[in-house]
Amino acid sequence: MDPALATFFTAHPSLRVVVLGHAANAAALELRPLGVPARFVSAAEAPELVTQYLSANQAKFGGPLALPGWVLVDLYLLPGCVTLLVDAATPDDPIVSAWCGVPTVTPGTVMGVSLLSRREGEGAAWAVKRLGLAVLRARVQRGLTQWDNRALRAHARLGALRIVGPAPAVHGAAERSFVYEIDLEVPPTLGAAQTFPLAAGRRLAARAQAGERLYVVAPGLDGAGQLVVARA
Ligand SMILES: CC(C)(COP(=O)(O)OP(=O)(O)OC[C@H]1O[C@@H](n2cnc3c(N)ncnc32)[C@H](O)[C@@H]1OP(=O)(O)O)[C@@H](O)C(=O)NCCC(=O)NCCS
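Please read all numbers here as calculations on a predicted model, not as lab measurements. (Residues numbered from 1 in each chain as written. Predicted model: local features only at pLDDT ≥ 70, side-chain atom pairs only at ≥ 80, totals over all residues. Heavy atoms only, no water.)

Undergrad: Just checking my understanding: could you explain the overall build of the protein for this structure?
TA: Looking only at helices and strands, the protein has 6 helices and 11 strands in total. Relative to its length of 232 residues, the protein is compact, with a C-alpha radius of gyration of 17 Å against a globular reference of 17 Å. Seen along its three principal axes, the alpha-carbon backbone of the protein occupies a region of about 45 × 40 × 35 Å. Here the analysis covers contacts within the protein between residues at least 6 apart in sequence; of these, 64% occur between residues at least 24 apart. Here the protein displays about 10900 Å² of accessible surface, and carbon together with sulfur accounts for 56% of that area. On the protein, the mean spot of the 21 positive side-chain charges and the mean spot of the 17 negative ones are 7 Å from each other. (Helix = DSSP H or I, 4+ residues; strand = E, 2+ residues; numbered from the N terminus. Rg over C-alpha atoms; globule rule 2.2 N^0.38 Å. Contact = heavy atoms within 4.5 Å. Areas by Shrake-Rupley, 256 points an atom, 1.4 Å probe, with all protein chains shown as cover. Lys, Arg positive; Asp, Glu negative; His and termini not counted. Charge placed at Lys NZ, Arg CZ, Asp CG, Glu CD.)

Undergrad: Hey, could you run me through the pattern of salt bridges in this one?
TA: Where charged atoms from two side chains of opposite charge come close, those side chains can pair. On inspection of all chains with the given rule, the structure shows 10 salt bridges. Notably, a salt bridge pairs Arg142 with Glu181, separated by 2.9 Å at the nearest N-O pair. Here Glu181 lies in strand S8 (residues 177-183) and Arg142 lies in strand S6 (residues 140-146), a separation of 39 residues in the sequence. Using a relative accessible area of 26% as the deciding quantity, one classes Arg142 as partly exposed. Here Glu212 makes a salt bridge to Arg207, at a shortest N to O gap of 2.8 Å. Counted as one network, the salt bridges with shared partners bring together Lys60, Glu120 and Arg150. (Salt bridge = Lys/Arg side-chain N within 4 Å of Asp/Glu carboxyl O. Buried < 20%, exposed > 50% of the residue type's maximum accessible area, 1.4 Å probe, protein only.)

Undergrad: Looking at this model, I keep getting lost on helix H6 (residues 201-209). Mind explaining?
TA: Side chains three or four residues apart in an α-helix point the same way, a direct result of the helix having 3.6 residues per turn. Every buried residue of H6 is accounted for by Gly201, Leu204, Ala205 and Ala208. Looking straight down H6, one finds that the buried residues subtend no more than 100° of arc, so they occupy a single side. If you follow the buried residues of H6, they end up packed against strand S7 (160-166), S8, strand S9 (194-196), strand S10 (214-221) and strand S11 (227-231). (Arc of directions from axis to C-beta.)

Undergrad: Just checking my understanding: could you explain helix H3 (residues 69-77) for this structure?
TA: Those residues of H3 that fall on the buried side of the exposure criterion are Val71, Leu72, Tyr76 and Leu77. For H3, the angular spread of buried residues about the axis comes to 140°, placing them on one side. Packing partners of the buried residues in H3 comprise strand S1 (15-21), helix H2 (47-60), strand S3 (81-87), strand S4 (95-103) and strand S5 (109-117).

Undergrad: Is there a simple way to think about the environment of Glu122 in this case?
TA: Relative to the assigned elements, Glu122 resides in the loop between S5 and helix H4 (124-135). Spatially, the C-alpha atom of Glu122 lies 9.1 Å from that of His12, the residues being 110 residues apart in sequence.

Undergrad: When you look at the sheet that holds strand S2 (residues 38-42) in this model, what are you seeing that I'm missing?
TA: Strand order in the open sheet made by the 11 strands is S2-S1-S3-S4-S5-S6-S8-S7-S10-S11-S9, with mixed pairing throughout. In the strand order of this sheet, the two ends are held by S2 and S9, each with one partner. Neighbouring strand axes in the sheet, compared pairwise and without regard to direction, differ in orientation by 35° on average. In the sheet, S1 pairs with S3 via 7 bridges, with the strands oriented antiparallel. Bridge pairing in S3 places Val19 opposite Thr83. In this fold H2 packs onto S1, S2, S3, S4 and S5, with an angle of close to 80° to the strand it touches most, S5. (Pairing = 2+ DSSP bridges. Axes fitted to C-alpha atoms, helices over the stretch in contact; angles between N-to-C directions.)

Undergrad: What's the story with the site of the ligand in this structure? I'm lost.
TA: Inspection of the region around the ligand gives 20 residues, with Leu115, Glu120, Gly123, Arg150 and Arg153 positioned closest. In the environment of the ligand, an oxygen atom lies 2.7 Å from a nitrogen or oxygen atom belonging to the side chain of Arg153. Taken by itself the ligand offers 940 Å² of open surface, and the protein chains cover 77% of this. If you list the elements that add at least two residues to the shell around the ligand, you get S5, H4 and helix H5 (151-155). Ranked by residues supplied to the shell around the ligand, first place goes to H5 with 4 residues. Broken down by class, the residue content of the shell around the ligand amounts to 8 nonpolar, 6 polar and 6 charged. Per-domain counts for the shell around the ligand show at least three residues from each of domain 1 (1-138) and domain 2 (141-232). (Near = heavy atom within 4 Å. Polar contact = N/O pair within 3.5 Å; in protein donor to acceptor, adjacent residues only side chain to side chain. Nonpolar A, V, L, I, M, F, W, Y, C, P; charged D, E, K, R; others polar. Domains from an automatic or database assignment.)

Have a look at this one:
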């Protein structure tokens, strides 16, 4: 097993990996991601778990980012899958963390959405996303996040996180958000980094869109809440 994940599961022995999705897609998934056993659950046969996931998601993302049931079904579960860490010790309320990945039209590139953890600060978000990417055999992950989102700390640990550009205006939180791509085959640190205040985010996204290769470097957001960014 991957050593960092082995350390994580030793510290959290009651956690298990569940992959929730469409039964016809199961054969295409890696259900021993990074050496960790994962159980595939068909969404059609687990309405209670699907409802629990929707509630967990809606509790974490509200307002303009609230997940409609039809998006969960049509755009998460039928084309992709939701990887979950569940706690065997709390079967009535099992979900600890979750991440959804959906393959894009570019082979090897997976769109990532809705990273959430209900036990913050334990590494459960980092672990579920790392596993979920391996379930989908992703080489690159595309996503959208907010400059001030602590998820940046988890994202920036997974590989070289390049700022692609600003979020399209129609996105519910466009003014605070940016599009990124993580090359999962390139380690997360890339040379010397500079720190920037959060307010510089929009300018950084515009510079990236204009062609500069800018990377959010681990830890992504530092202890002072500043962005950690490097130029390639
Ligand atoms: C964003 C969110 C998922 C982050 O959760 P989180 O628990 O902080 O994320 P992590 O799993 O990375 O946990 C971080 C902590 O786990 C620990 N950790 C991280 N990697 C670890 C590892 N390899 N082994 C052990 N512990 C680890 C660290 O203590 C880390 O703390 P740090 O941030 O001070 O370094 C959570 O705040 C959330 O659900 N937010 C609402 C939804 C949201 O906005 N999602 C983001 C969408 S882009």
